[in-house]
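What follows is the residue order along each chain.
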Amino acid sequence: MVLDPSLWPDSAHQSPAGGLFIADCDVSQLASEYGTPLYLLDEQTVRATADAFLSALRRYYPASATVHYASKALLNTAVAQVMVECGLGLDCVSLGELSIARRAGVNLGGVHLHGNAKPRPELEQALAWGTGRIIVDSLDELRTLSELTAERHAPQPILLRLNPGIDVHTHAHVQTGQLDSKFGLPISTGMAGAAVSFALAAPGLQLLGLHMHLGSQISALEPLRRGIVCLFEFGAAMREQYGWRMEEFSPGGGLAVPYASGDPAPSIEEYVRLLATATREAVLATNTEPPRMVLEPGRALIARAVVAIYSVLSVKRIPDVRTFVAVDGGMGDNIRPALYGTRYSAVRADRLEAAPAERVTVVGRYCESGDVLLRDVELPPLEPGMLVAVPMAGAYTLGMASNYNLVPRPALMLLRGGRAYTIQRRETLEDLVLRDLPLPGSR
């Protein structure tokens, strides 16, 4: 079987015996040794994808540019270390993510802190840890930061996240640049201008630049061009009014990836070329010095590097209705089909050459009718004990995993050169009760 290279890790292939191998590791053997559900991360794919972003930036925007991994897609200590070894910075959205970055030995000077509602204690700790940039999302946050930094010897660098009022054609739950959004400072209402005025007057803050993020899974790139024009025009207006110069600029992330063969998804090359071209054009149109550009891909960096492996628990055939194949994972480790309607693909992991012979719906083990991983897909005949492999499982799966029904979360293995390393162990029943306390007075 030829695996679609747009969906599977670079090292994924069929062995002579017909099984799935990733990074020269036998997936069936790993499942037997470590149990399922099991998530497998191909380090080679992460490094190649990171290099593709950096190489494209060097070609199309050589002035000054970098990439920050949007770590909310999937973060643990080892993933943070790999990203930094690749030459990337990190984009964090919570104190928990910042703490993982510190544990990984990441220099927080190369980290950005995002988030539409950052609690005051988190801002205090982020400042104490020396976080490189704080991306400000509201006037209230700006006031809080001003109070916290008023006595600092060196001002805290910030960027303002602006809302340009631009819709992108993606799922409503991942649109973030339209006016009716909880994210960003709207330009059209005057809020963004008020933020610039306030930031420039705050002695403990250094306003370095502007940021936008229009949404996730963006497959039509033209709205990004309009967003860049909007931000540069706003920056030029602020230069005229206050003499302020934009030194840094981030168009965010959001590049779409395919979840099934044929899904629309621009290449990294196309994406970076459009962003760089639009930025250069905006620089010329507004007579602006080229700012440093920071890209923030998350899903596009990690999704294809990870494959989820499940064991079949039961097959339930309901004549003239549907065949349900139940596996030992589901919405506890991958909520995306239920939350976003994402449609994945799958293969039988031990026999890749087995021809699809039946239309089935693959469901999980959780007590919810919405716990459906794959609806109406063609798969080979399946029986209890067989393995199902689902590609494109790296982004917003384990990062959004829960203990619903008090089911332990899966393990994550890093695969490299024929060896597998546990970088996130499987939870145990003991882990599930660590936070629980008995009734007062009981034993």
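Not measured: the values here are computed from a predicted model.

The rules behind these values
Residues numbered from 1 in each chain as written. Predicted model: local features only at pLDDT ≥ 70, side-chain atom pairs only at ≥ 80, totals over all residues. Heavy atoms only, no water. Phe/Tyr/Trp six-rings, centres within 6.5 Å; stacked < 30°, edge-to-face > 60°. Helix = DSSP H or I, 4+ residues; strand = E, 2+ residues; numbered from the N terminus. Buried < 20%, exposed > 50% of the residue type's maximum accessible area, 1.4 Å probe, protein only. Pairing = 2+ DSSP bridges. Right-handed = clockwise from strand over helix to strand, strands pointing away. Core = buried A, V, L, I, M, F, W, Y, C linked by side-chain atoms within 4.5 Å. Salt bridge = Lys/Arg side-chain N within 4 Å of Asp/Glu carboxyl O. 1 Å grid on protein atoms, 1.4 Å probe; cavity = no way out; pocket = protein on both sides within 12 Å on 5 of 7 lines; lining within 4 Å. Points joined across faces, edges and corners; volume = space filled by probe spheres on them. Nonpolar A, V, L, I, M, F, W, Y, C, P; charged D, E, K, R; others polar.

**Side note on the packing of aromatic side chains**
Under the counting rule described, the total for this entry stands at 4 aromatic pairs. Between phenylalanine 232 and phenylalanine 249, the ring centres sit 5.1 Å apart and the planes meet at 65 degrees, which makes this aromatic pair edge-to-face. Placement of phenylalanine 232 in helix 8 (residues 222-242) and of phenylalanine 249 in strand 12 (residues 248-252) is noted, with a sequence separation of 17 residues between them. Take phenylalanine 232 and phenylalanine 249: they sit in the same class, and that class is buried. With a centroid separation of 5.1 Å and 75 degrees between ring planes, the pair formed by tyrosine 259 and tyrosine 344 is classed as edge-to-face. Of the two residues, tyrosine 259 sits in the loop between strand 12 and helix 9 (268-285) while tyrosine 344 sits in the loop between helix 11 (336-340) and strand 16 (347-348), which places them 85 residues apart along the sequence. No difference in accessibility class separates tyrosine 259 from tyrosine 344, as the two residues are buried.

**What about the pairing of strand 13 (residues 292-295)?**
Where strand 5 (residues 65-70) meets strand 13, 3 bridges bridge the pair, whose relative direction is parallel. Counterpart to alanine 65 in the pairing with strand 13 is methionine 293. Taken together, the 3 bridges between strand 12 and strand 13 define a ladder with parallel strand orientation. Bridge assignment links glycine 252 to a residue of strand 13, and that residue is leucine 295. Following the backbone out of strand 12, through helix 9 and into the adjacent parallel strand 13, one traces a crossover that is right-handed.

**So, the nonpolar core**
If you look at the biggest cluster of nonpolar residues, it comprises 133 residues, and the most contacted ones within it are Phe53, Tyr69, Ile158 and Leu160. Looking at this core element by element, the count peaks at 9 residues for helix 9.

**A short note on the pattern of salt bridges**
Summed over the entire model, instances satisfying the criterion amount to 20 salt bridges. Across the pair glutamate 269 and arginine 59 runs a salt bridge, and its minimum N-O distance is 2.4 Å. Of this pair, glutamate 269 sits in helix 9 while arginine 59 is found in helix 2 (residues 43-60), placing the two residues 210 residues apart along the sequence. With relative accessibility at 27%, the residue glutamate 269 sits in the partly exposed group.

**Some remarks on the environment of glycine 184**
Position of glycine 184 relative to the elements: it lies in the loop between strand 9 (156-163) and strand 10 (185-186). Taking the C-alpha atoms as reference points, glycine 184 and tyrosine 271, separated by 87 residues in sequence, lie 23 Å from one another.

**Things to note about empty space enclosed by the protein**
According to the stated counting rule, one finds 1 cavity of 30 Å³ or more in the structure shown. Considered as a void within the structure, the largest cavity measures approximately 40 Å³ in volume. Surrounding the largest cavity, Leu41, Val46, Ala78, Val79, Val82, Met83, Ile302 and Leu414 form its lining. In terms of residue count, helix 3 (residues 77-85) provides more of the lining of the largest cavity than any other element does, 4 residues in total. Residue composition of the lining of the largest cavity, by class: 8 nonpolar, no polar and no charged.

**Here we look at the sheet that holds strand 1 (residues 13-14)**
Sheet architecture is open: 3 strands sit in the order 1-2-3, paired in antiparallel fashion. Pairing within the sheet leaves two strands with one partner each, and these edge strands are strand 1 and strand 3 (25-26). Summarising the sheet, strand 1 and strand 2 (residues 20-22) pair through 2 bridges and their orientation is antiparallel. Each residue of the ladder has a partner; that of glutamine 14, found in strand 2, is leucine 20.

None of the figures reported here should be taken as evidence of function without further support.
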